[in-house]
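Chain residues, written in single-letter form:
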Amino acid sequence: MALDCVFHGCLYYTNPFRPVQGVLRARAGRRFFDVLKKMLPTMIHKMSPIFFFIVVLMVFSCLEFDDRIEEFKSTFYASYNWFFLVFTNDTFDRILPDKVFSHLSYLLVFFPSIYIGQRFLLSLIIGDTYDTFRQFVKKQVQSERLKEIKGLTKAFSAIDDLKDGVISYLTFKECLHQLYPGTSDEVIALYYELISGGSNTGISVLQFLNLRSVLSFKLSLITEKTALTPVNDAVMPLILLFNRLYAKIQFPLPRVVRKDFIPRAQEMMKYLDSANVLHFANELDIFLLVFSLLDYQLITFSNWLTITPCLLVSGFYLFEFLVRLVANDGYLHRIHPSDGLNLVDVLFIGGAAGRWFLFVLAFCYGLQEDSVLAVFCEQPWLQALHPTVLLYLSKASLGVVSIGGGVGATLSFRKLKLLCRGMRCMRIANLNDDLKILSSAMIDIMPAILETFTLTFVMTYIFGLLGHLLFGGVLQEWDTPLNSVIKAQQLTYMVNYLSSMEVAMELLNPLVVAVYFLVYLVISLAVSNIALSIIIDLHANVLDDKSSKEREGQRNKLQIVFDKIVEQARTRQVFTGSKSGHTLNFNHVRMSHYQSSNVRQFVAGGKKSRPQLE
């Protein structure tokens, strides 16, 4: 920064690096970059086999095939193109030109070389990269654990007033109150039972060292009173009133329908569920939407009605609604699952009903695909919010028009139709159990995804700004910080990698190849693959826990442990409140696993991403 101020009179070059400073100050960022710095020499060392393999290919090609490919007379040409063929696959046409397609001997060497060099050795290096990262993270975690043990030992020595090697419940209670103010006495009592193992002598120093593991179990006090804000006080009565009115909605059914059709409708719903007809209809809806077949004209009756796949699918959903309504004696609230409406149900109902509304609207008013619906026209409150509304609507691509001196938003019929169809397809999340488990697992690992890919983006950002500083004055693709970051993202995913590098080498210096290869080595080969490997491994681990058998087993183990510590807490005299006049009530305490998003603990511990109950 000082040199920047001296030579430029401002922070022209260092200003873009300010976000990097914030990331490096964060503990997670420092730990990640520290591991990356330590593992790079090991990575380069493990790349020796692939470099040796490229040298063998270069020498053999120059000796054997220089008569077929004239460029192989240059060892630099052969080694350069074999190198980038193995690493980036960009020089395929140079190493395998059209003129050697008829030479069987060259083809017998070329394709096995690609298989061994690119598919085997490079994949082996990528796997070793993640293993190397895990080893360094494990060492880092062990070092931090050693420091934690030393700190806990000093803390135990400080709070052990009697110096007898144990601390009492009252001391432990005061310690937790200092660490987590507001923790209830019931929760502290159960934590004491967990850490002491039911001992009557107190907590020893070895038991105190397990404080982090004990606190990894979440004990929460569920109170009957809920905190109501002024908004909740006003909204909750309206919600309760709506639920009561909704439960009373019953469509009148004729006596004949009730007598003859209710049993048949119930049997039909059982058949639709058992035969997976609903699942098939939803998948067909998705297929037709993806391949733009919903508007395909099947049959046209004069000029007033056209049968399309969308109309048939919508008709089936309407038929399902009527069958459900008849099967439940006309009560609207009974047609939903027993656990009530969720967000997916609301989206599906809104999309199906909205699509029928658009059908009626198009039939009555002759709306076409490019028809525009103007809404919020000439509203005084909209005129007051003019700048904000304009910005929002422009971002949402809804369009803005001026009508009669006022401002109005425009919605095209095509966009509304697409929105309803997309909402209708969301039902697959409720019907497909695999998708439901997958979505739930993705939600669980979302903090880890954000953490790992944020660090990946920071590395891309750093190399993008370095490219801007080095090449911005010569190459247009690096002329602004934004273009530079986008270019670094492209290089990360091997998009136009070789062409961009060779242009930079031609206009600047051949040594630019070192900078480009450093980007490939650090971001693409190391950071991106490490992040992806962590997410895949973590996702597989979470999917294992999502199986019904695994969940039931963990739930039973957790309940056994909870019942045991509650029984111990109730029988302990100090917990009964007989001396203090206060009796602890454990009926409202709930125990659950603490879902940690600490990626490092998972990487260092393998499959043990959370406390395990044995």
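Everything in this summary refers to the structure shown in the same document.

What counts and what doesn't
- Residues numbered from 1 in each chain as written.
- Predicted model: local features only at pLDDT ≥ 70, side-chain atom pairs only at ≥ 80, totals over all residues.
- Heavy atoms only, no water.
- Helix = DSSP H or I, 4+ residues; strand = E, 2+ residues; numbered from the N terminus.
- Core = buried A, V, L, I, M, F, W, Y, C linked by side-chain atoms within 4.5 Å.
- Buried < 20%, exposed > 50% of the residue type's maximum accessible area, 1.4 Å probe, protein only.
- Contact = heavy atoms within 4.5 Å.
- Axes fitted to C-alpha atoms, helices over the stretch in contact; angles between N-to-C directions.
- Left-handed = near helix turned anticlockwise from the far one by under 90°.
- Nonpolar A, V, L, I, M, F, W, Y, C, P; charged D, E, K, R; others polar.
- Expected span 1.5 Å × (residues − 1).
- Bend = angle between axes of the 7 residues up to and from the residue.
- Phe/Tyr/Trp six-rings, centres within 6.5 Å; stacked < 30°, edge-to-face > 60°.
- Lys NZ or Arg CZ within 6 Å of the ring centre and 35° of its normal.
- Disulfide = S-S within 2.5 Å.
- Patch = residues over 30% accessible without salt bridge, like charges linked within 9 Å, V, L, I, M, F, W, Y side chains within 5 Å.
- Areas by Shrake-Rupley, 256 points an atom, 1.4 Å probe, with all protein chains shown as cover.
- Salt bridge = Lys/Arg side-chain N within 4 Å of Asp/Glu carboxyl O.

## Details of unusual backbone geometry
Turning to step 1, where the next piece is worked out: Phi is positive for N276, which is not a glycine, with a value near 55°.
Turning to step 2, where the next piece is worked out: Considering the arrangement of structural elements, one finds N276 in the loop between helix 13 (255-274) and helix 14 (277-290).
Turning to step 3, where the next piece is worked out: One non-glycine residue, N496, lies in positive phi territory at about 55°.
Turning to step 4, where the next piece is worked out: As for its position among the elements, N496 is in the loop between helix 23 (481-492) and helix 24 (497-507).

## A few points about the nonpolar core
Turning to step 1, where the next piece is worked out: Among the nonpolar cores identified, the biggest contains 67 residues, and L36, W82, Y106, F133 and Y516 are the most heavily contacted of them.
Turning to step 2, where the next piece is worked out: Contributions of two or more residues to this core are made by helix 3 (27-46), helix 4 (48-64), helix 5 (75-87), helix 7 (104-159), helix 22 (446-471), helix 24 and helix 25 (512-546).
Turning to step 3, where the next piece is worked out: Considering every element that reaches this core, the biggest residue donor is helix 25, with 13 residues.
Turning to step 4, where the next piece is worked out: For L36, the residues in contact, after removing those within four places along its chain, are M459, V522, A526 and V527.
Turning to step 5, where the next piece is worked out: One finds V187, Y192, F562 and M591 within the second-largest nonpolar core, a separate group that totals 29 residues.

## Re the packing of helix 14 against helix 19 (residues 413-425)
Turning to step 1, where the next piece is worked out: Contact geometry for helix 14 and helix 19: axes closest at 9 Å, N-to-C directions at 145°. Crossing geometry of helix 14 relative to helix 19 is assigned as left-handed. Listed contacts from helix 19 to N282, D285, I286 and L289 of helix 14 are L418, R421, G422, R424 and C425.
Turning to step 2, where the next piece is worked out: In terms of residue class, the contact of helix 14 with helix 19 is built from 4 nonpolar, 2 polar and 3 charged.

## What about helix 13?
Turning to step 1, where the next piece is worked out: Counted at 1.5 Å a residue, the expected span for helix 13 with its 20 residues is 28 Å, and the 29 Å between its end C-alpha atoms agrees.
Turning to step 2, where the next piece is worked out: At F261, helix 13 shows its largest bend, some 50°, and a proline, P263, comes one to four positions later.
Turning to step 3, where the next piece is worked out: Taken together, the buried positions of helix 13 are V257, I262, A265, M269 and L272.
Turning to step 4, where the next piece is worked out: Contacts from the buried residues of helix 13 go to helix 14 and helix 15 (309-327).
Turning to step 5, where the next piece is worked out: N276 lies just past helix 13 and shows a positive phi near 55°.

## Some words on the packing of aromatic side chains
Turning to step 1, where the next piece is worked out: All chains considered together, the criterion is met by 33 aromatic pairs.
Turning to step 2, where the next piece is worked out: Here the aromatic rings of F72 and Y106 are separated by 6.4 Å at their centres, their planes lie at 45°, and the arrangement is tilted. A residue pair is termed long-range when its members are at least 10 positions apart, and F72 in the loop between helix 4 and helix 5 and Y106 in helix 7 qualify at 34 residues.
Turning to step 3, where the next piece is worked out: F72 gets classed as buried once you look at its relative accessible area, which sits at 0%.
Turning to step 4, where the next piece is worked out: Exposure remark for Y106: the relative accessible area of 1% places this residue in the buried category.
Turning to step 5, where the next piece is worked out: Through a chain of ring-to-ring contacts, the aromatic side chains of F51, F76, Y80, F83, F84, F87, F471, W478, Y497, Y516, F517 and Y520 assemble into a single cluster.
Turning to step 6, where the next piece is worked out: When the ring centre of F136 is taken as origin, the NZ or CZ atom of K139, which lies over that ring, is 5.4 Å away.

## Structural notes on the state of the cysteines
Turning to step 1, where the next piece is worked out: In the structure shown here, the tally under the stated rule is 0 disulfides.
Turning to step 2, where the next piece is worked out: With no disulfide of its own, C310 lies closest to C420 among cysteine sulfurs, the gap being 9.3 Å.
Turning to step 3, where the next piece is worked out: You can call C310 buried: its relative accessible area is 0%.

## Quick word on a nonpolar patch on the surface
Turning to step 1, where the next piece is worked out: There is a patch of nonpolar side chains on the surface, built from F280, L284, F287, V290, F291, L293, Y296, L298, I299, F301 and L312 and spanning about 1100 Å² of accessible area.
Turning to step 2, where the next piece is worked out: Of all elements in the fold, only helix 14 and strand 4 (299-301) reach the threshold of two or more residues within the nonpolar patch.
Turning to step 3, where the next piece is worked out: Sorting elements by how many residues they give to the nonpolar patch places helix 14 first, with 4 residues.
Turning to step 4, where the next piece is worked out: Looking at where Y296 falls in the secondary structure, it is placed in the loop between helix 14 and strand 4.
Turning to step 5, where the next piece is worked out: Y296 sits in the exposed class, given a relative accessible area of 53%.

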